[in-house]
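A structural walkthrough
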Amino acid sequence: MKKLFLISALLLTAHKCFCWGFYGHKKINYLAVFLLPPEMLSFYKENIQFLSDHAVDPDMRRYAIPEEGPRHYIDIDHYGKYPYPELPHSYDSAIAKFTADTINAYGIVPWWVQTMLGRLTFAFKEKNQVRILKLSAEIGHYIADAHVPLHASHNHNGQYTNQNGIHGFWESRIPELLADKEFDFWIGRAEYIKKPGEFIWARVLESGAASDSVLRLERELTKTYPTDAKYSFENRNGVIIRQYSTGFTVAYNNLLQGMVERRMRQSIFAIAGFWYTAWINAGQPDLKNLTNKELSAEDVKEFEELNNAWRKGKVVGREHE
Ligand SMILES: [Zn+2]
């Protein structure tokens, strides 16, 4: 009986976490607010809970619509070797060369971030408060995903190298264990991003370049680490969860030499920069003077539907753990 319970818990957790994990995404959006200039800061601070809570909406949407999945990653190694000269950075050139189906199948995160920037800029121009907040929360999600090395690798969960689970290990387990206690989130100020396309492509290329070490270092550590100490079991609200042990997590984080912390910091810096850039490009609207301040019945319904789809727990389209 106990065994059954454990197995179902494992399946459940395997399905429900990806990207920076809910903890990471919420924290990253939250912290990005504090980098903003005074003209934006008070509005974003007033709505910081919303921006943090809704940082995970794009992940929940993966349970609702199949088009959502590819917006979170790009299997950039499908296109050759770093720095992937075969893959055009312009979306139009990329689909002309590889077809829209192929581009979509291997993920579109660097282009989707730019689409979201356009939408957010338009929401600022319209002075539409609800749209500004929803799009700010969501672009934060995609930008943070672009910073995760395994979001830029076809071996995204170590499934080809017998390292299943490494995705959540890197981006959920490490931050959950160490971010509050040990990571430094003093980051400075948001900067205007002159070339958003180049900026996000540079982050994605860094992710692609780092994915090899993310996988290799875990493999090497596993070889030398006592087998029975790699995982631990924890009782969370009556459910037994298997997870990478504290010792193994700390050892891996040390081998990574601050990579997770660095990528979290860069995510926060990038998100604040994109928010700031959208606001500047929209002509610096006065955020004390916005319209459409209340969530509509449709907005509320959309949030409920996202939540329900997520609770049912079946990703539509490809898993990317
Ligand atoms: Zn995601």
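Data block above holds the structure.
The structure reproduced in this document is the subject of the present report.

Analysis parameters
Residues numbered from 1 in each chain as written. Predicted model: local features only at pLDDT ≥ 70, side-chain atom pairs only at ≥ 80, totals over all residues. Heavy atoms only, no water. Phe/Tyr/Trp six-rings, centres within 6.5 Å; stacked < 30°, edge-to-face > 60°. Helix = DSSP H or I, 4+ residues; strand = E, 2+ residues; numbered from the N terminus. Buried < 20%, exposed > 50% of the residue type's maximum accessible area, 1.4 Å probe, protein only. Lys NZ or Arg CZ within 6 Å of the ring centre and 35° of its normal. Pairing = 2+ DSSP bridges. Axes fitted to C-alpha atoms, helices over the stretch in contact; angles between N-to-C directions. Parallel < 35°, antiparallel > 145°, perpendicular 65-115°, else oblique. Left-handed = near helix turned anticlockwise from the far one by under 90°. Contact = heavy atoms within 4.5 Å. Core = buried A, V, L, I, M, F, W, Y, C linked by side-chain atoms within 4.5 Å. Salt bridge = Lys/Arg side-chain N within 4 Å of Asp/Glu carboxyl O.

Turning to the packing of aromatic side chains, a few remarks are in order. Enumeration over the complete set of coordinates arrives at 20 aromatic pairs. Where F169 meets F248, the ring centres are 5.6 Å apart and the plane angle is 25°; that geometry is what we call stacked. Here F248 lies in helix α12 (residues 246-255) and F169 lies in helix α10 (residues 166-182), a separation of 79 residues in the sequence. Overall, the relative accessible area of 0% leaves F248 in the buried class. Here Y244 and F248 contribute two aromatic rings whose centre-to-centre distance is 6.0 Å and whose plane-to-plane angle is 15°, an arrangement assigned as stacked. Among the aromatic residues, ring-to-ring pairing joins F169, Y225, Y231, Y244, F248 and Y252 into one connected group. Taking the ring centre of Y231 as reference, the NZ or CZ of R242 above it sits at 3.9 Å.

Inspection of the sheet shows strand β1 (residues 231-236) paired to strand β2 (residues 239-244) by 6 bridges, in the antiparallel sense. Bridge pairing in β2 links Y231 to Y244.

The relative placement of two packed helices comes down to the angle between their axes together with the axis-to-axis distance. Contact pair helix α11 (residues 196-224) / helix α13 (residues 259-281): the axes reach a minimum separation of 12 Å and the direction vectors enclose 170°. The angle between α11 and α13 places the two elements in the roughly antiparallel class. The chirality of how α11 crosses α13 is left-handed. Residue-level inspection shows P196, F199, I200, R203, E206, S207, A210 and V214 of α11 in contact with α13, the latter providing M259, R263, Q266, A270 and F274.

On to the nonpolar core, then. Counting residues in each nonpolar core, the largest one holds 86 residues, and the members touching the most others are Y44, F124, Y252 and W275. Of the residues forming this core, the biggest block, 12 residues, is contributed by α13. When residues no more than four places from it in sequence are discounted, the contact partners of Y44 are V33, L36, L51, F124, I132, S136, W275 and L287.

Turning to the pattern of salt bridges, a few remarks are in order. Inspection of the entire model under this criterion finds 16 salt bridges. Among the salt bridges present, the one from D59 reaches R62, with a minimum N-O distance of 3.6 Å. For D59, a relative accessible area of 1% puts it in the buried group. Residue classification places R62 among the buried residues on the basis of a relative accessible area of 0%. One salt bridge in this structure joins K134 and D299, with 3.0 Å as the shortest N-O distance. Remark: D299 occurs in helix α14 (residues 297-312) and K134 occurs in helix α9 (residues 129-146); sequence separation between them is 165 residues. With respect to burial, K134 and D299 carry one shared label: buried. Connected through shared salt-bridge partners, R61, E68, R71, K134, E138, D299 and E302 make up one network.

Scope: geometric values only; no functional claims are made or implied.
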